[in-house]
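Reading the structure
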Amino acid sequence: MQVRNQPFHHLTISLDLAGRRAVLVGGGAVAARKAGVLREAGMELVVVAPELTPRLAELAAAGELSWRQRPWAPGDLAGAALVVAATSDREVNRQVADEARLLGIAVNVADRPEEGTCRFPALLRRGRLEIAVGTEGSAPAVAAAVRDHVAEAIGEEYGELLELLAELREKLLTLGMAKAYNTDFVKNLMAQGLMEMLRGGERAEAERMIEAALSSAVDSHASRSGS
Ligand SMILES: C[C@@]1(CC(=O)O)c2cc3[nH]c(cc4nc(cc5[nH]c(cc(n2)[C@H]1CCC(=O)O)[C@@](C)(CC(=O)O)[C@@H]5CCC(=O)O)C(CC(=O)O)=C4CCC(=O)O)c(CCC(=O)O)c3CC(=O)O
Ligand SMILES: NC(=O)C1=CN([C@@H]2O[C@H](COP(=O)(O)OP(=O)(O)OC[C@H]3O[C@@H](n4cnc5c(N)ncnc54)[C@H](O)[C@@H]3O)[C@@H](O)[C@H]2O)C=CC1
(Lines give C-alpha, C1' and ligand atoms only; values in the text may rest on other atoms or scores of the structure.)
(Ligands and ions follow the chains in the order given, each with its own letter.)
Protein backbone atom coordinates (compact mmCIF):
# COMPACT_ATOMS: atom_id res chain seq x y z
CA MET A 1 0.00 0.00 0.00
CA GLN A 2 1.22 3.49 -0.76
CA VAL A 3 0.60 6.66 1.20
CA ARG A 4 0.93 9.97 -0.54
CA ASN A 5 3.35 12.05 1.44
CA GLN A 6 1.66 15.16 2.68
CA PRO A 7 4.08 17.41 4.51
CA PHE A 8 3.32 18.48 8.08
CA HIS A 9 2.85 22.16 8.66
CA HIS A 10 3.13 22.32 12.42
CA LEU A 11 5.83 22.30 15.05
CA THR A 12 5.81 19.80 17.93
CA ILE A 13 7.42 21.11 21.12
CA SER A 14 6.89 20.85 24.89
CA LEU A 15 5.80 24.12 26.41
CA ASP A 16 6.46 24.95 30.03
CA LEU A 17 3.42 27.02 31.03
CA ALA A 18 3.29 26.27 34.77
CA GLY A 19 1.70 29.15 36.64
CA ARG A 20 0.36 30.76 33.46
CA ARG A 21 -3.34 31.14 32.78
CA ALA A 22 -5.41 28.95 30.44
CA VAL A 23 -8.90 30.14 29.55
CA LEU A 24 -11.34 27.40 28.58
CA VAL A 25 -14.49 28.60 26.88
CA GLY A 26 -17.16 25.91 27.25
CA GLY A 27 -17.57 23.46 30.13
CA GLY A 28 -18.57 20.19 28.45
CA ALA A 29 -16.85 16.83 27.98
CA VAL A 30 -14.22 18.18 25.61
CA ALA A 31 -13.32 21.11 27.89
CA ALA A 32 -13.13 18.68 30.83
CA ARG A 33 -10.62 16.49 28.97
CA LYS A 34 -8.47 19.49 28.10
CA ALA A 35 -8.72 20.80 31.68
CA GLY A 36 -7.12 17.55 32.86
CA VAL A 37 -3.90 17.97 30.88
CA LEU A 38 -3.74 21.73 31.44
CA ARG A 39 -3.91 21.14 35.20
CA GLU A 40 -1.16 18.54 34.96
CA ALA A 41 0.88 21.22 33.19
CA GLY A 42 0.45 23.39 36.29
CA MET A 43 -1.63 26.04 34.58
CA GLU A 44 -4.11 28.31 36.34
CA LEU A 45 -7.53 27.49 34.89
CA VAL A 46 -10.36 29.88 34.12
CA VAL A 47 -13.52 28.32 32.68
CA VAL A 48 -16.18 30.48 31.03
CA ALA A 49 -19.47 28.59 30.59
CA PRO A 50 -23.07 28.76 31.78
CA GLU A 51 -22.89 25.06 32.71
CA LEU A 52 -20.17 22.58 33.76
CA THR A 53 -19.80 18.80 33.61
CA PRO A 54 -19.81 17.16 37.08
CA ARG A 55 -16.01 16.79 37.00
CA LEU A 56 -15.43 20.47 36.21
CA ALA A 57 -18.04 21.48 38.81
CA GLU A 58 -16.10 19.46 41.39
CA LEU A 59 -12.87 21.25 40.50
CA ALA A 60 -14.65 24.62 40.69
CA ALA A 61 -16.13 23.77 44.11
CA ALA A 62 -12.67 22.74 45.34
CA GLY A 63 -11.22 26.06 44.17
CA GLU A 64 -9.03 24.27 41.61
CA LEU A 65 -10.35 26.42 38.79
CA SER A 66 -12.19 29.68 38.61
CA TRP A 67 -15.60 29.54 36.97
CA ARG A 68 -17.23 32.47 35.21
CA GLN A 69 -20.80 31.17 35.18
CA ARG A 70 -22.10 32.86 32.05
CA PRO A 71 -21.70 32.87 28.27
CA TRP A 72 -18.37 34.00 26.85
CA ALA A 73 -17.92 37.76 26.39
CA PRO A 74 -15.17 39.78 24.72
CA GLY A 75 -12.43 40.49 27.26
CA ASP A 76 -12.53 37.01 28.84
CA LEU A 77 -9.19 36.08 27.31
CA ALA A 78 -7.20 38.80 29.06
CA GLY A 79 -4.03 37.48 30.65
CA ALA A 80 -4.24 34.05 29.01
CA ALA A 81 -1.20 32.20 27.66
CA LEU A 82 -3.44 29.59 26.03
CA VAL A 83 -7.10 29.50 25.03
CA VAL A 84 -9.39 26.56 24.31
CA ALA A 85 -12.63 27.23 22.41
CA ALA A 86 -14.81 24.22 23.18
CA THR A 87 -18.41 25.39 23.33
CA SER A 88 -21.18 23.62 21.47
CA ASP A 89 -21.81 26.88 19.59
CA ARG A 90 -19.93 27.19 16.29
CA GLU A 91 -20.28 30.95 16.11
CA VAL A 92 -18.98 31.47 19.66
CA ASN A 93 -15.95 29.25 19.01
CA ARG A 94 -15.21 31.32 15.91
CA GLN A 95 -15.41 34.60 17.86
CA VAL A 96 -13.16 33.23 20.61
CA ALA A 97 -10.61 32.15 18.00
CA ASP A 98 -10.75 35.60 16.37
CA GLU A 99 -10.16 37.40 19.66
CA ALA A 100 -7.29 35.08 20.60
CA ARG A 101 -5.60 35.64 17.24
CA LEU A 102 -6.03 39.39 17.62
CA LEU A 103 -4.37 39.22 21.06
CA GLY A 104 -1.64 36.90 19.77
CA ILE A 105 -2.60 34.08 22.15
CA ALA A 106 -2.29 30.41 21.15
CA VAL A 107 -5.76 28.93 20.66
CA ASN A 108 -7.22 25.47 20.22
CA VAL A 109 -10.59 25.23 18.50
CA ALA A 110 -12.36 21.97 19.32
CA ASP A 111 -14.75 21.81 16.39
CA ARG A 112 -12.72 23.52 13.65
CA PRO A 113 -8.98 22.83 14.08
CA GLU A 114 -7.93 25.03 11.17
CA GLU A 115 -9.35 28.13 12.91
CA GLY A 116 -6.98 27.61 15.81
CA THR A 117 -3.20 27.70 16.12
CA CYS A 118 -2.61 24.45 18.07
CA ARG A 119 -4.01 21.00 18.63
CA PHE A 120 -3.88 18.53 21.49
CA PRO A 121 -2.37 15.10 20.79
CA ALA A 122 -3.47 11.77 22.23
CA LEU A 123 -1.09 11.16 25.14
CA LEU A 124 0.56 8.13 26.67
CA ARG A 125 2.49 8.78 29.87
CA ARG A 126 4.66 6.42 31.86
CA GLY A 127 6.27 8.30 34.68
CA ARG A 128 8.30 10.96 32.94
CA LEU A 129 8.11 9.25 29.56
CA GLU A 130 5.62 10.80 27.19
CA ILE A 131 4.41 9.70 23.77
CA ALA A 132 2.19 12.13 21.87
CA VAL A 133 0.24 11.02 18.81
CA GLY A 134 -1.27 13.41 16.30
CA THR A 135 -2.82 13.22 12.87
CA GLU A 136 -2.90 16.95 12.14
CA GLY A 137 -6.55 16.79 12.97
CA SER A 138 -7.33 14.39 10.15
CA ALA A 139 -8.63 11.61 12.42
CA PRO A 140 -8.47 12.13 16.21
CA ALA A 141 -10.01 8.71 16.88
CA VAL A 142 -7.06 7.16 14.98
CA ALA A 143 -4.62 9.11 17.18
CA ALA A 144 -6.33 7.66 20.26
CA ALA A 145 -6.32 4.13 18.78
CA VAL A 146 -2.60 4.31 17.93
CA ARG A 147 -1.91 5.55 21.46
CA ASP A 148 -3.82 2.57 22.89
CA HIS A 149 -1.90 0.21 20.63
CA VAL A 150 1.47 1.63 21.72
CA ALA A 151 0.32 1.40 25.36
CA GLU A 152 0.32 -2.39 25.10
CA ALA A 153 4.03 -2.45 24.25
CA ILE A 154 5.19 0.41 26.46
CA GLY A 155 4.18 -0.40 30.03
CA GLU A 156 4.75 1.18 33.44
CA GLU A 157 8.24 -0.37 33.50
CA TYR A 158 9.39 2.50 31.29
CA GLY A 159 8.51 4.98 34.03
CA GLU A 160 10.62 2.93 36.42
CA LEU A 161 13.45 2.77 33.89
CA LEU A 162 13.51 6.55 33.75
CA GLU A 163 13.64 6.85 37.52
CA LEU A 164 16.61 4.52 37.68
CA LEU A 165 18.39 6.14 34.74
CA ALA A 166 17.89 9.66 36.07
CA GLU A 167 19.92 8.67 39.14
CA LEU A 168 22.47 6.92 36.96
CA ARG A 169 22.80 9.87 34.65
CA GLU A 170 23.68 12.11 37.57
CA LYS A 171 26.40 9.69 38.65
CA LEU A 172 27.81 9.42 35.13
CA LEU A 173 27.80 13.18 34.67
CA THR A 174 29.57 13.57 37.99
CA LEU A 175 32.20 11.13 36.76
CA GLY A 176 32.57 13.05 33.51
CA MET A 177 31.17 10.14 31.56
CA ALA A 178 28.17 11.71 29.88
CA LYS A 179 29.36 10.51 26.51
CA ALA A 180 29.41 6.90 27.57
CA TYR A 181 25.90 7.34 28.88
CA ASN A 182 24.70 8.90 25.69
CA THR A 183 26.08 6.21 23.45
CA ASP A 184 25.95 2.55 24.32
CA PHE A 185 25.37 2.33 28.02
CA VAL A 186 21.59 2.28 28.07
CA LYS A 187 21.33 0.20 24.91
CA ASN A 188 23.54 -2.45 26.47
CA LEU A 189 21.46 -2.57 29.63
CA MET A 190 18.32 -3.05 27.58
CA ALA A 191 19.97 -5.75 25.48
CA GLN A 192 20.80 -7.54 28.74
CA GLY A 193 17.12 -7.75 29.65
CA LEU A 194 16.64 -4.75 31.91
CA MET A 195 13.09 -4.08 30.69
CA GLU A 196 12.03 -7.69 31.26
CA MET A 197 13.32 -7.45 34.83
CA LEU A 198 11.38 -4.28 35.53
CA ARG A 199 8.28 -5.72 33.90
CA GLY A 200 8.63 -8.74 36.17
CA GLY A 201 8.83 -6.52 39.24
CA GLU A 202 12.48 -7.40 39.84
CA ARG A 203 13.54 -3.89 40.73
CA ALA A 204 16.36 -4.89 43.09
CA GLU A 205 17.89 -7.14 40.40
CA ALA A 206 17.54 -4.32 37.88
CA GLU A 207 19.36 -1.95 40.22
CA ARG A 208 22.13 -4.51 40.69
CA MET A 209 22.49 -4.90 36.93
CA ILE A 210 22.80 -1.14 36.56
CA GLU A 211 25.31 -0.87 39.42
CA ALA A 212 27.42 -3.67 37.88
CA ALA A 213 27.35 -2.01 34.47
CA LEU A 214 28.24 1.29 36.09
CA SER A 215 31.24 -0.05 37.97
CA SER A 216 32.61 -1.79 34.90
CA ALA A 217 32.13 1.44 32.93
CA VAL A 218 33.92 3.36 35.68
CA ASP A 219 36.80 0.84 35.57
CA SER A 220 37.25 1.06 31.83
CA HIS A 221 36.88 4.83 31.94
CA ALA A 222 39.61 4.99 34.61
CA SER A 223 41.96 2.73 32.65
CA ARG A 224 41.35 4.68 29.43
CA SER A 225 42.05 8.00 31.10
CA GLY A 226 45.13 6.45 32.71
CA SER A 227 44.19 7.25 36.30
C1 LIG B 1 -8.10 18.80 15.86
C2 LIG B 1 -8.40 18.33 17.27
C3 LIG B 1 -8.51 19.61 18.03
C4 LIG B 1 -8.19 19.48 19.48
O5 LIG B 1 -9.12 19.21 20.21
O6 LIG B 1 -7.04 19.70 19.81
C7 LIG B 1 -9.63 17.50 17.37
C8 LIG B 1 -10.80 17.78 16.68
C9 LIG B 1 -11.97 17.00 16.63
N10 LIG B 1 -12.18 15.85 17.33
C11 LIG B 1 -13.40 15.34 16.99
C12 LIG B 1 -13.95 14.13 17.46
C13 LIG B 1 -13.38 13.24 18.36
N14 LIG B 1 -12.23 13.46 19.07
C15 LIG B 1 -11.97 12.39 19.84
C16 LIG B 1 -10.88 12.25 20.71
C17 LIG B 1 -9.76 13.06 20.82
N18 LIG B 1 -9.52 14.16 20.04
C19 LIG B 1 -8.29 14.63 20.27
C20 LIG B 1 -7.67 15.66 19.61
C21 LIG B 1 -8.18 16.44 18.59
N22 LIG B 1 -9.46 16.48 18.20
C23 LIG B 1 -7.33 17.39 17.82
C24 LIG B 1 -6.59 16.69 16.68
C25 LIG B 1 -5.58 15.66 17.14
C26 LIG B 1 -4.96 14.99 15.97
O27 LIG B 1 -4.04 15.57 15.37
O28 LIG B 1 -5.40 13.89 15.60
C29 LIG B 1 -7.57 13.79 21.26
C30 LIG B 1 -6.50 12.98 20.52
C31 LIG B 1 -6.89 14.55 22.38
C32 LIG B 1 -7.79 15.47 23.18
O33 LIG B 1 -8.84 15.91 22.75
O34 LIG B 1 -7.39 15.75 24.30
C35 LIG B 1 -8.70 12.90 21.82
C36 LIG B 1 -8.28 11.52 22.23
C37 LIG B 1 -8.51 11.50 23.71
C38 LIG B 1 -7.86 10.40 24.38
O39 LIG B 1 -8.43 9.29 24.41
O40 LIG B 1 -6.80 10.63 24.94
C41 LIG B 1 -12.99 11.42 19.63
C42 LIG B 1 -13.02 10.07 20.26
C43 LIG B 1 -13.49 10.14 21.67
O44 LIG B 1 -14.02 11.18 22.11
O45 LIG B 1 -13.40 9.09 22.29
C46 LIG B 1 -13.91 11.96 18.74
C47 LIG B 1 -15.20 11.34 18.20
C48 LIG B 1 -14.89 10.41 17.05
C49 LIG B 1 -14.50 11.14 15.79
O50 LIG B 1 -15.29 11.98 15.32
O51 LIG B 1 -13.41 10.85 15.27
C52 LIG B 1 -14.02 16.22 16.07
C53 LIG B 1 -15.37 16.01 15.46
C54 LIG B 1 -16.40 16.68 16.38
C55 LIG B 1 -17.79 16.61 15.87
O56 LIG B 1 -18.11 15.76 15.01
O57 LIG B 1 -18.61 17.42 16.34
C58 LIG B 1 -13.13 17.27 15.86
C59 LIG B 1 -13.30 18.49 14.98
C60 LIG B 1 -12.83 18.22 13.58
O61 LIG B 1 -12.24 17.20 13.30
O62 LIG B 1 -13.10 19.12 12.77
N1 LIG C 1 -11.71 18.19 19.98
C2 LIG C 1 -12.31 17.09 20.31
O3 LIG C 1 -11.70 16.17 20.79
C4 LIG C 1 -13.77 16.98 20.12
C5 LIG C 1 -14.48 18.09 19.75
N6 LIG C 1 -15.83 18.05 19.67
C7 LIG C 1 -16.50 19.34 19.43
O8 LIG C 1 -16.25 20.14 20.62
C9 LIG C 1 -17.37 20.92 20.98
C10 LIG C 1 -17.77 20.70 22.42
O11 LIG C 1 -18.10 19.36 22.63
P12 LIG C 1 -18.64 18.83 24.04
O13 LIG C 1 -17.75 19.25 25.13
O14 LIG C 1 -18.92 17.39 23.88
O15 LIG C 1 -20.03 19.63 24.14
P16 LIG C 1 -21.05 19.77 25.36
O17 LIG C 1 -22.37 20.01 24.77
O18 LIG C 1 -20.84 18.67 26.35
O19 LIG C 1 -20.58 21.11 26.10
C20 LIG C 1 -20.74 22.37 25.54
C21 LIG C 1 -20.37 23.40 26.58
O22 LIG C 1 -20.38 24.68 25.97
C23 LIG C 1 -21.01 25.59 26.86
N24 LIG C 1 -21.49 26.74 26.09
C25 LIG C 1 -22.49 26.82 25.20
N26 LIG C 1 -22.61 28.10 24.74
C27 LIG C 1 -21.64 28.83 25.36
C28 LIG C 1 -21.25 30.20 25.30
N29 LIG C 1 -21.87 31.08 24.52
N30 LIG C 1 -20.21 30.59 26.07
C31 LIG C 1 -19.57 29.71 26.87
N32 LIG C 1 -19.91 28.41 26.97
C33 LIG C 1 -20.93 27.98 26.22
C34 LIG C 1 -22.10 24.76 27.51
O35 LIG C 1 -22.53 25.37 28.72
C36 LIG C 1 -21.34 23.45 27.77
O37 LIG C 1 -20.60 23.58 28.96
C38 LIG C 1 -18.45 20.56 19.97
O39 LIG C 1 -18.45 21.60 19.01
C40 LIG C 1 -18.00 19.26 19.32
O41 LIG C 1 -18.36 19.23 17.98
C42 LIG C 1 -16.50 16.89 19.96
C43 LIG C 1 -15.85 15.73 20.30
C44 LIG C 1 -14.42 15.71 20.40
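Residues numbered from 1 in each chain as written. Chains lettered and ligands numbered in written order. Predicted model: local features only at pLDDT ≥ 70, side-chain atom pairs only at ≥ 80, totals over all residues. Heavy atoms only, no water.

Some remarks on the nonpolar core
- Ranked by size, the top nonpolar core spans 21 residues in total, and within it L161, L168, F185, L189, L194 and L198 carry the most contacts.
- When residues of this core are traced back to their parent elements, those giving at least two are α5 (157–174), α6 (178–191), α7 (194–199) and α8 (203–224).
- Counting 18 residues, the second largest nonpolar core, distinct from the first, contains A22, A35, M43 and L45. (Core = buried A, V, L, I, M, F, W, Y, C linked by side-chain atoms within 4.5 Å. Buried < 20%, exposed > 50% of the residue type's maximum accessible area, 1.4 Å probe, protein only. Helix = DSSP H or I, 4+ residues; strand = E, 2+ residues; numbered from the N terminus.)

Let's talk about the site of ligand 1
- What surrounds ligand 1 is a group of 19 residues, the closest being K34, N108, F120, T135 and R147.
- R33 is positioned such that a nitrogen or oxygen atom in its side chain is 2.9 Å from an oxygen atom of ligand 1.
- Protein contacts shield 61% of the accessible area of ligand 1, which totals 1,100 Å² for the unbound molecule.
- Counting residues per element, the ones that place at least two in the shell around ligand 1 are α1 (29–40) and α4 (140–153).
- The class makeup of the residues in the shell around ligand 1 is nine nonpolar, four polar and six charged. (Near = heavy atom within 4 Å. Polar contact = N/O pair within 3.5 Å; in protein donor to acceptor, adjacent residues only side chain to side chain. Areas by Shrake-Rupley, 256 points an atom, 1.4 Å probe, with all protein chains shown as cover. Nonpolar A, V, L, I, M, F, W, Y, C, P; charged D, E, K, R; others polar.)

A word on the domain arrangement of the protein chain
- The domains assigned to the protein chain are domain 1 (21–120) and domain 2 (157–224).
- The C-alpha-based centres of domain 1 and domain 2 are spaced at 43 Å. (Domains from an automatic or database assignment.)

Some thoughts on the pairing of strand β1 (residues 21–25)
- Most of β1 sits inside the fold, with four of its five residues counted as buried.
- With five bridges joining them, β1 and strand β2 (residues 44–48) adopt parallel strand pairing. Its bridge partner lying in β2, V23 is registered against V46.
- With α1 bridging β1 and its parallel neighbour β2, the resulting β-α-β unit is right-handed.
- Pairing of β1 with strand β4 (residues 80–85) involves five bridges; the strand directions are parallel. (Pairing = 2+ DSSP bridges. Right-handed = clockwise from strand over helix to strand, strands pointing away.)

Observations regarding the site of ligand 2
- Ligand 2 sits among 20 residues. The nearest are G27, V30, R33, E51 and W72.
- G27 is positioned with one of its backbone polar atoms (N or O) 2.9 Å from an oxygen atom of ligand 2.
- V30 places a polar main-chain atom, nitrogen or oxygen, 2.9 Å from an oxygen atom of ligand 2.
- A total of 860 Å² of accessible area belongs to ligand 2 in isolation, and the protein chains cover 66% of it.
- Here the element with the most residues in the shell around ligand 2 is α1; it accounts for four residues.

Topic: a nonpolar patch on the surface
- Side chains of L11, I13 and L15 sit close together on the surface and give an oily, nonpolar patch of about 360 Å² of accessible area.
- Its location among the elements puts I13 in the segment before β1.
- The exposure class of I13 is exposed, given its relative accessible area of 53%. (Patch = residues over 30% accessible without salt bridge, like charges linked within 9 Å, V, L, I, M, F, W, Y side chains within 5 Å. Salt bridge = Lys/Arg side-chain N within 4 Å of Asp/Glu carboxyl O.)

A word on the environment of A57
- Among the structural elements, A57 can be located in helix α2 (residues 54–61).
- The exposure class of A57 is partly exposed, given its relative accessible area of 33%.
- Along the chain, A57 and A32 lie 25 residues apart, while their C-alpha atoms are 9.8 Å from each other.

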